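The primary structure of each chain is shown beneath.
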Amino acid sequence: STNMMDRNKLVNEAPFTAFFGQMSPGRAAVFCAYNIVKSYMTEHPNVTLEQLMDMSDAQKILAGSRYNP
């Protein structure tokens, strides 16, 4: 979504993430993104953090992470 209010609900501090209900943690999108990057770096140990930060294709990172929540 490009709606700033929707994005804020997923990334801002809160007791829970509104989209997922009161049993979910706050900042759920940040948690998922961290786990995707962690998984990508585990799958590609030859990639440096600088190289990862230079990547602009989010779909390539997601596919390369083989992330399975």
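Residues take numbers from 1 onward in each chain, read along the sequence in its written order. Side-chain atom pairs in this predicted model are given and counted only at pLDDT of 80 or more, local residue features only at pLDDT of at least 70, and totals for whole chains, interfaces and linings cover all residues. Side-chain numbers here rest on the full set of heavy atoms in the structure, without hydrogens or water.

K.L.:
Can you lay out the overall build of the protein for me, pointing to particular residues and giving the numbers?
P.N.:
Elements are defined by DSSP. Helices are runs of H or I of four residues or more, strands are runs of E of two residues or more, and each kind is numbered from the N terminus. Within the protein, the secondary structure is distributed over four helices and zero strands. Put simply, the radius of gyration uses C-alpha atoms, and a globule should come to 2.2 Å times the residue count raised to 0.38. Taking 69 residues into account, the globule formula puts the C-alpha radius of gyration at 11 Å, and the protein, at 14 Å, lies well above it. Once the C-alpha set of the protein is aligned to its principal axes, its extents read approximately 40 × 25 × 15 Å. Only protein chains enter the accessibility calculation, which uses a 1.4 Å probe; a residue whose area is less than 20% of its type maximum is buried, one above 50% is exposed, and one in between is partly exposed. Among the 69 residues that make up the protein, the fraction classed as buried is 17%. Long-range contacts, defined here as pairs at least 24 residues apart, represent 18% of the contacts in the protein between residues at least 6 apart. Entry remark: accessible area of the protein is about 5,500 Å², with carbon and sulfur atoms responsible for 59%. When charges are tallied, Lys and Arg are placed among the positive residues and Asp and Glu among the negative ones, while His and the ends of the chain are skipped. Lys charges are placed at NZ, Arg charges at CZ, Asp charges at CG and Glu charges at CD. Treating the 6 positive side-chain charges of the protein as one cloud and the 6 negative ones as another, the clouds have centres 6 Å apart. Here, two residues are considered to be in contact whenever any of their heavy atoms come within 4.5 Å of each other. Residue-level accessible areas treat just the shown protein chains as cover; the underlying method is Shrake-Rupley with a 1.4 Å probe.

K.L.:
Can you tell me about the packing of helix α2 (residues 28-43) against helix α4 (residues 58-65), naming the residues and giving the values?
P.N.:
Helices that pack against each other are described as a pair by the angle of their axes relative to one another and the distance between those axes. Axis definition: a line fitted to C-alpha atoms, over the contacting stretch in the case of helices. Angles run 0 to 180 degrees between N-to-C directions. Packing of α2 against α4 leaves a shortest axis separation of 8 Å and a crossing angle of 65°. With respect to each other, α2 and α4 are oriented roughly perpendicular. For α2 against α4, the interelement crossing comes out left-handed. Across the interface between the two elements, I36, S39, Y40 and E43 of α2 pack against K60, I61, L62, G64 and S65 of α4. Each angle receives one of four descriptions, namely roughly parallel if under 35 degrees, roughly antiparallel if over 145, roughly perpendicular if within 65 to 115, and oblique otherwise. We call a crossing left-handed when the near helix sits turned anticlockwise from the far one by less than a right angle, and right-handed when that turn is clockwise.

K.L.:
I'd love a proper account of the nonpolar core, names of residues and values included.
P.N.:
The set of buried Ala, Val, Leu, Ile, Met, Phe, Trp, Tyr and Cys residues whose side-chain atoms join them within 4.5 Å is what this entry labels a nonpolar core. Among the nonpolar cores identified, the biggest contains five residues, and these are I36, Y40, V47, L52 and I61. Leaving out residues up to four positions away in the same chain, V47 has contacts with Y40, M41 and L52.

K.L.:
Tell me about α2, residues and numbers included.
P.N.:
Expected helix span is taken as 1.5 Å per residue step, with the number of steps being one fewer than the number of residues. The terminal C-alpha atoms of α2 lie 23 Å apart, and with 16 residues this matches the ideal 22 Å at 1.5 Å per residue to within 8%. The set of residues buried in α2 consists of A28, N35, I36, S39 and Y40. The buried residues of α2 occupy an angular sector of 135° when the element is viewed end-on, so they sit on one face. To be clear, the arc concerns the directions from the helix axis to the C-beta atoms.

K.L.:
Which residues make up the pattern of salt bridges, and what values go with them?
P.N.:
By salt bridge we mean one thing: a side-chain nitrogen of Lys or Arg within 4 Å of a carboxyl oxygen of Asp or Glu. Taken as a whole and judged by the stated rule, the model has one salt bridge. Among the ionic pairs, R27 bridges to E13, the shortest N-O distance being 2.9 Å. One end of the pair, R27, is in the loop between α1 (4-11) and α2; the other, E13, is in the loop between α1 and α2, and 14 residues separate them in sequence.

K.L.:
Explain unusual backbone geometry residue by residue, including any values.
P.N.:
Here R27, not a glycine, exhibits a phi torsion of approximately 60°, which is positive. With relative accessibility at 31%, the residue R27 sits in the partly exposed group. Even without being glycine, R66 reaches a positive phi, approximately 55°. Checked against the element boundaries, R66 lands in the segment after α4.

K.L.:
Can you break down the side chain of S39 residue by residue, with the values?
P.N.:
Within the secondary structure layout, S39 lies in helix α2. Ignoring anything within four residues of it in the chain, the contact list for S39 reads S65, R66 and Y67.

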